[in-house]
Amino acid sequence: MNTMSQNLPKHDIKDPNLADAGRQRIEWADRHMPVIRLIRERFEREKPLKGLRLAACLHVTTETANLARTLKAGGGEVTLCASNPLSTQDDTAAALVCCYGISTFAIRGEDNDTYYRHLHDALSSKPQITLDDGADLVSNLHQKETQWLDGVMGGTEETTTGVIRLNSMAEEGVLRYPIVAVNDALTKHLFDNRYGTGQSTLDGIIRATNLLLAGTRIAICGYGWCGKGVASRAKGHGADVIIVEVDPTRALEAVMDGFRVMPLAEAAKVGTLFITVTGNKHVLREEHFRAMSDGAIVANSGHFNVEIDLEALERLSKSQRLVRPLVREYEMEDGRRICVLADGRLVNLSAAEGHPASVMDMSFANQALAVEHISRESKNLSNKVYTVPVEIDRKVARLKLESLGVSIDQLTPEQDRYLKSWTEGT
Ligand code: ADE
């Protein structure tokens, strides 16, 4: 094994002996990430990030490892910490440190204090660019560790929840540097949020429970891109899918996509598996737990562990125990049992491996190119949340299509002119 036996970068990981296994899995993921590979090859040659300090707070997975390798190949000095206490793959973290020389602070199952200490460790690298998934790094930097703020030229944000938080900061006028919302690139959310969350959420639920989805009545709370993905995949498995929404347009979409739509108070009585993907808090709460039938299973695939009101469930129950790894059963006073997966943390990364590499390829290609964009353009950006430049988004789509061996047509010059003109009518 070509590990770096000495001069390891700063780190706090579970076990360096896991590095070999981690590297094998990182290389496997890399096979399915052709776009990030192409960017890495160019970054190797051009070194667009030379000497830039980058702090990334992301899920520490094999796919993230390939992004970190790419940023390092571009000349960046990368420090990585986890964006969730339960999503770290310890073998990946070990390989990042021992094989790829990337400073990493992440241990699966770390407690809250350790989680925030790791954020602090990443920020102590005095980053010039931040990469965030959920905006904890940016939030910490603005509220607690303000001493590093002045040196930051810009940052990126990976997920819907983070973009919502950052938009609130920008609206309140407290955001101190520009952010590129990678989540809002079409080649990110149309694929990662929909197909990635769709597949990996069910993957996590199946790995945790070994449930047969065919015939299972699943209530999915939230019909954004993530909810749409979970619903369509669950339907494909033969599940009886119910959608719960608060937004009338999304609810209408769900109806016309062929799903039953009803309030959660109704769904709670008939569902047997409940999945939250809303980005909001206390979606499943006391009144719903009271209505659920014996054996109901609840899981969350939203970013934070706030969607299921676990305190209410604890209050209502007389005992709890782990009945399988990552399956906690609460026994209610009346004898009904409700099982919570992965303690309400995002089930796709806690109970499975997150989105497959092929879809993270596009998300992380956007990340790498957005970081390059910030490094070039930060002087022309203000303290706002920006979308990924459309040229980057389209380039990622083209490269992905190419890697899939798919070619597409071009407009003829006549069609091009027609689309730009207004004089021709009937
Ligand atoms: N978010 C969802 N899936 C992921 C993965 N595989 N790696 C990093 N972040 C993710």
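Above this text is the structure in question.
Analysis parameters
Residues numbered from 1 in each chain as written. Predicted model: local features only at pLDDT ≥ 70, side-chain atom pairs only at ≥ 80, totals over all residues. Heavy atoms only, no water. Pairing = 2+ DSSP bridges. Helix = DSSP H or I, 4+ residues; strand = E, 2+ residues; numbered from the N terminus. Contact = heavy atoms within 4.5 Å. Axes fitted to C-alpha atoms, helices over the stretch in contact; angles between N-to-C directions. Near = heavy atom within 4 Å. Polar contact = N/O pair within 3.5 Å; in protein donor to acceptor, adjacent residues only side chain to side chain. Areas by Shrake-Rupley, 256 points an atom, 1.4 Å probe, with all protein chains shown as cover. Nonpolar A, V, L, I, M, F, W, Y, C, P; charged D, E, K, R; others polar. Buried < 20%, exposed > 50% of the residue type's maximum accessible area, 1.4 Å probe, protein only. Expected span 1.5 Å × (residues − 1). 1 Å grid on protein atoms, 1.4 Å probe; cavity = no way out; pocket = protein on both sides within 12 Å on 5 of 7 lines; lining within 4 Å. Points joined across faces, edges and corners; volume = space filled by probe spheres on them.

Participant: Sorry if this is basic, but what is going on with the sheet that holds strand β16 (residues 385-387) here?
Facilitator: Sheet strands associate in pairs through backbone hydrogen bonding, adopting either a parallel or an antiparallel arrangement. The parallel open sheet is built from eight strands, whose spatial order is β1-β4-β3-β2-β5-β6-β7-β16. Two strands close off the open sheet at either side, each with one partner strand: β1 (11-12) and β16. Where strand β5 (residues 129-132) meets strand β6 (residues 154-157), four bridges bridge the pair, whose relative direction is parallel. What sits directly across from Ile-129, in β6, is Gly-154. Where helix α5 (residues 112-123) meets the sheet, it contacts β1, β2 (53-58), β3 (77-82) and β4 (103-105), and its direction lies at approximately 170° from that of β3.

Participant: Please clarify how the site of the ligand should be interpreted in this entry.
Facilitator: Neighbouring the ligand are His-59, Thr-61, Glu-63, Thr-64, Leu-349, Glu-353, Gly-354, His-355, Met-360 and Phe-364. At a separation of 2.9 Å, a nitrogen atom of the ligand approaches a polar side-chain atom of Glu-63. A distance of 2.8 Å separates a nitrogen atom of the ligand from a polar atom in the backbone of His-355. Within the complex, the protein chains bury 95% of what would otherwise be the 260 Å² of accessible surface of the ligand. For the shell around the ligand, the elements supplying multiple residues, two or more each, are α3 (62-73) and α15 (357-377). Along the lines of polarity and charge, the residues of the shell around the ligand split into three nonpolar, five polar and two charged.

Participant: What is the right way to read the environment of Gln-199 from this model?
Facilitator: Structurally, the position occupied by Gln-199 is in helix α8 (residues 186-209). Here Gln-199 falls in the partly exposed class, since its relative accessible area comes to 48%. Through-space distance from the C-alpha of Gln-199 to that of Ile-107 is 25 Å; in sequence the pair is 92 residues apart. Discounting chain neighbours no more than four positions away, the residues touching Gln-199 are Arg-233 and Pro-356.

Participant: Would you explain helix α7 (residues 160-172) in this entry?
Facilitator: Residues that lie three or four places apart on an α-helix share one face, since the helix turns once every 3.6 residues. Over its 13 residues, α7 runs 18 Å from end to end, which matches the ideal 18 Å to within 8%, given 1.5 Å per residue. Those residues of α7 that sit buried are Thr-161, Gly-162, Val-163, Leu-166 and Met-169. Those residues of α7 that are buried are in contact with α6 (136-143), β6, β7 (179-181) and β16. With its phi angle positive at about 75°, Gly-173 sits one or two positions after the end of α7.

Participant: I tried to follow empty space enclosed by the protein on my own but got confused; where do I start?
Facilitator: Under the counting rule described, the total for this entry stands at one cavity of 30 Å³ or more. Reported here for the largest cavity is a volume of approximately 30 Å³. Broken down by secondary-structure element, the contributors of at least two residues to the lining of the largest cavity are β2, α3 and β3. Among the elements that line the lining of the largest cavity, the one with the most residues is α3, at four residues. Residue composition of the lining of the largest cavity, grouped by class: eight nonpolar, one polar and no charged.

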